[in-house]
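Each chain, written out:
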Amino acid sequence: MAQTTVELDQSGWHTPARDFIPASHRDLPMLRVYLPFIDRAGNFVRWSRYVDVDDQPASLNWFEVTQHLAATQPQVREMVSCMGVLDSSTAEALRDAIGDLTLRCLRWVGYGELPTDSPVRVHGEDYFAADLTPADVEAGNRVPEFAWDVENRLAWGCRLYPDSLIIAAEPLIFRQLRNDPRLDSASVRPDDVLPGSAGD
């Protein structure tokens, strides 16, 4: 079984994006993957339908950037966050990036799963550690908030009920994710923060 401990910072709501990644992986290139919203008809809608994510910093806040659109496109206010529940395109892209890597993950105890070990406290919330399984990255399932491999090649982290993931990856996987047409993403700079989730 893989190592169950991971160093994540314990602080704050206005948190640097890098602090959602284990210290062991923070030297890797990082990106923010924007999870789609769900429209009134139940369809997944990418951020890029309303926002040019390539022209925005990774600190992008959905509510701030779409506020001016509501007058001409009122449907933008009716959209809801997927709250970390993966659509098929995002799930496939994540599985492709994971490949044959073995990852550990942290899941929030508030979802009702019973931990077998003592919980781990991250950003003021309790999580339990487990091995990442293929089911964790299937469409229709909520992605674990934190995941990492022991070889320091791939990790991700996010807020509760996330609207996006911060992903750290070795250059080959980073480029694969950043260039994947199934995903909306932005490169993370050292000063980027992860704003509150539109799903929380």
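Preceding block: the structure.
As the structure is a prediction and not an experimental result, all values here were calculated from the model.

Chemist: How do you make sense of the nonpolar core when you look at a structure like this?
Modeler: One broad trend across soluble globular proteins is that nonpolar side chains are buried collectively. Judged by nonpolar contacts, the single largest core of 35 residues is most densely connected at Y50 and W62. Elements with a contribution of two residues or more to this core: β2 (30-34), α1 (62-66), β6 (103-108), β8 (125-131), β9 (146-149) and β11 (164-169). Excluding its chain neighbours within four sequence positions, the residues that come into contact with Y50 are V45, W62, L69, Q73, Q75, V76 and M79. One finds F128, V137, A169 and F174 within the second-largest nonpolar core, a separate group that totals 29 residues.

Chemist: Quick question: what am I supposed to make of the pairing of β9 here?
Modeler: Regular strands place side chains that alternate from one sheet face to the opposite one. What you see with β9 is no split at all: F146 and W148 on one side and A147 and D149 on the other are buried throughout. Pairing between β9 and strand β10 (residues 154-157): three bridges, direction antiparallel. Pairing of F146 across the sheet is with G157, part of β10. Linking β9 back to β10 in an antiparallel pair, the connection comprises four residues, with N152 at a positive phi of about 60°.

Chemist: It is not clear to me how the sheet that holds strand β4 (residues 44-45) should be interpreted in this structure. Could you clarify?
Modeler: Sheets are built from strands paired through backbone hydrogen bonds, the pairs being either parallel or antiparallel. Across the sheet, which stays open at both edges, the three strands sit in the order β4-β3-β5 with antiparallel pairing between neighbours. Two strands close off the open sheet at either side, each with one partner strand: β4 and β5 (80-81). Here strand β3 (residues 37-38) pairs with β5 via two bridges, running antiparallel. Across the sheet, the residue bridging to I38 is V80, located in β5.

Chemist: Just to check I follow, could you spell out the pattern of salt bridges for this structure?
Modeler: Considering all chains together, one arrives at 14 salt bridges under this definition. A salt bridge links R153 to E170, with the nearest nitrogen and oxygen atoms 3.0 Å apart. Of this pair, R153 sits in the loop between β9 and β10 while E170 is found in the loop between β11 and α3 (171-178), placing the two residues 17 residues apart along the sequence. Salt-bridge contacts for R189 lead to D191; the nearest nitrogen and oxygen are separated by 3.6 Å. We classify D191 as exposed; its relative accessible area is 59%. Each of the salt bridges in this network shares a partner with another, and the network as a whole consists of E92, D96, D180 and R182.

Chemist: What is the right way to look at the sheet that holds β9 in this model?
Modeler: What the eight strands build is an open sheet, ordered β7-β8-β6-β9-β10-β11-β2-β12; its pairing is antiparallel. Each having just a single partner strand, β7 (120-122) and β12 (184-187) make up the two edges of the open sheet. Taking the axes of each pair of neighbouring strands and ignoring which way they run, one obtains an average angle of 25° across the sheet. The pairing of β10 with β11 spans four bridges and is antiparallel. Bridging from a neighbouring strand, G157 pairs with I166 of β11. Docked against the sheet, helix α2 (residues 88-98) engages β6, β10 and β11, running at close to 145° with respect to β10.

Chemist: Even after reading the chapter, I still don't get the side chain of R32, so can you show me in this structure?
Modeler: Within the secondary structure, R32 is located in strand β2. Residue R32 is classed as buried on the basis of its relative accessible area of 0%. Separated by 2.7 Å, the side chain of R32 and the backbone oxygen of A58 make a polar contact.

What counts, and at which threshold
Residues numbered from 1 in each chain as written. Predicted model: local features only at pLDDT ≥ 70, side-chain atom pairs only at ≥ 80, totals over all residues. Heavy atoms only, no water. Core = buried A, V, L, I, M, F, W, Y, C linked by side-chain atoms within 4.5 Å. Buried < 20%, exposed > 50% of the residue type's maximum accessible area, 1.4 Å probe, protein only. Helix = DSSP H or I, 4+ residues; strand = E, 2+ residues; numbered from the N terminus. Contact = heavy atoms within 4.5 Å. Pairing = 2+ DSSP bridges. Salt bridge = Lys/Arg side-chain N within 4 Å of Asp/Glu carboxyl O. Axes fitted to C-alpha atoms, helices over the stretch in contact; angles between N-to-C directions. Polar contact = N/O pair within 3.5 Å; in protein donor to acceptor, adjacent residues only side chain to side chain.

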